[in-house]
Amino acid sequence: MRNIKRNFVVCFVLLLFASGCASVHTKKELYEIFNAKGFNTNLTDRGLVVFLPELFFEFDSTALTQSAYDQLLVISDVLTDPRTITEQILIEGHADFFGDDAYNDALSLRRANAVADVLVLGGVDEIRITRRGYGRKYPIAPNTTPEGFDNPEGRSLNRRVEIILEDPAQQ
């Protein structure tokens, strides 16, 4: 019994030592990895923001295209690499300006959930993911033209999800 305990302690210490020696990716390295895989990324004060070119939603929808699903699995592969498993992930859902605030907030959260669920299916630990729905609060394109008319192209860009690998200072 004594040998079993001693072996357990030795293995545990070796495991701790090995995990402490493992390198982790810097945000700059992750920026380069995601860009090399075709993602549009941006280093911000919040962390590394990953935009998916195929991840814009149809009006009033949370459905992912097959291409978006496939891209999320590529992101999952990066996020399950041992050098990234300490990264905290924020999934932000957004909506266009049609509908009331309460509806758009709920819709954008459902969009964030749809993306987060695929990352979890791809092996990302649920505990690392925070999901938020911002509704129409943070548009990246105008919902209307300068003349006040509907801008379908701008609205479609606002129906999105962003993946942020958070800066520890912002958590």
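Whatever comes next refers back to the structure up there.
Within any chain, residue numbers begin from 1 and follow the written order of that chain's sequence. For a predicted model such as this one, the threshold for reporting local features is a pLDDT of at least 70, and the threshold for listing and counting side-chain atom pairs is 80 or more; totals across whole chains, interfaces and linings nevertheless cover every residue. The side-chain values count all of the structure's non-hydrogen atoms but skip hydrogen atoms and water molecules.

A few words now on the environment of alanine 102. Helical segments are the DSSP runs of H or I of at least four residues, strand segments are the runs of E of at least two, and each set is numbered from the N terminus. Structurally, alanine 102 is set in helix α4 (residues 101-121). Any residue under 20% of the maximum accessible area for its type is buried, any over 50% is exposed, and the rest in between are partly exposed; the area is computed with a 1.4 Å probe on protein chains only. Since its relative accessible area comes to 59%, alanine 102 is described here as exposed. Through-space distance from the C-alpha of alanine 102 to that of glycine 135 is 8.0 Å; in sequence the pair is 33 residues apart.

Our focus in this paragraph is the packing of aromatic side chains. Aromatic pairing here means that ring centres of Phe, Tyr or Trp (its six-membered ring) are within 6.5 Å. Orientation follows from the plane angle: under 30 degrees is stacked, over 60 is edge-to-face, and everything else is tilted. One pass over the structure, following the stated rule, counts three aromatic pairs. Here phenylalanine 34 and phenylalanine 39 contribute two aromatic rings whose centre-to-centre distance is 5.9 Å and whose plane-to-plane angle is 80°, an arrangement assigned as edge-to-face. The interplanar angle of 75° and the centroid separation of 5.3 Å between the aromatic rings of tyrosine 134 and tyrosine 138 together place this pair among those described as edge-to-face.

In this structure, arginine 155 sits in helix α5 (residues 152-158). Whether two residues are in contact is decided by their heavy atoms, any of which lying within 4.5 Å being enough. Residue contacts for arginine 155: discarding those within four places in its chain leaves Phe59, Asp96, Phe97, Phe98, Pro142, Asn143 and Asp150.

Honestly, it's all geometry; don't read function into it.
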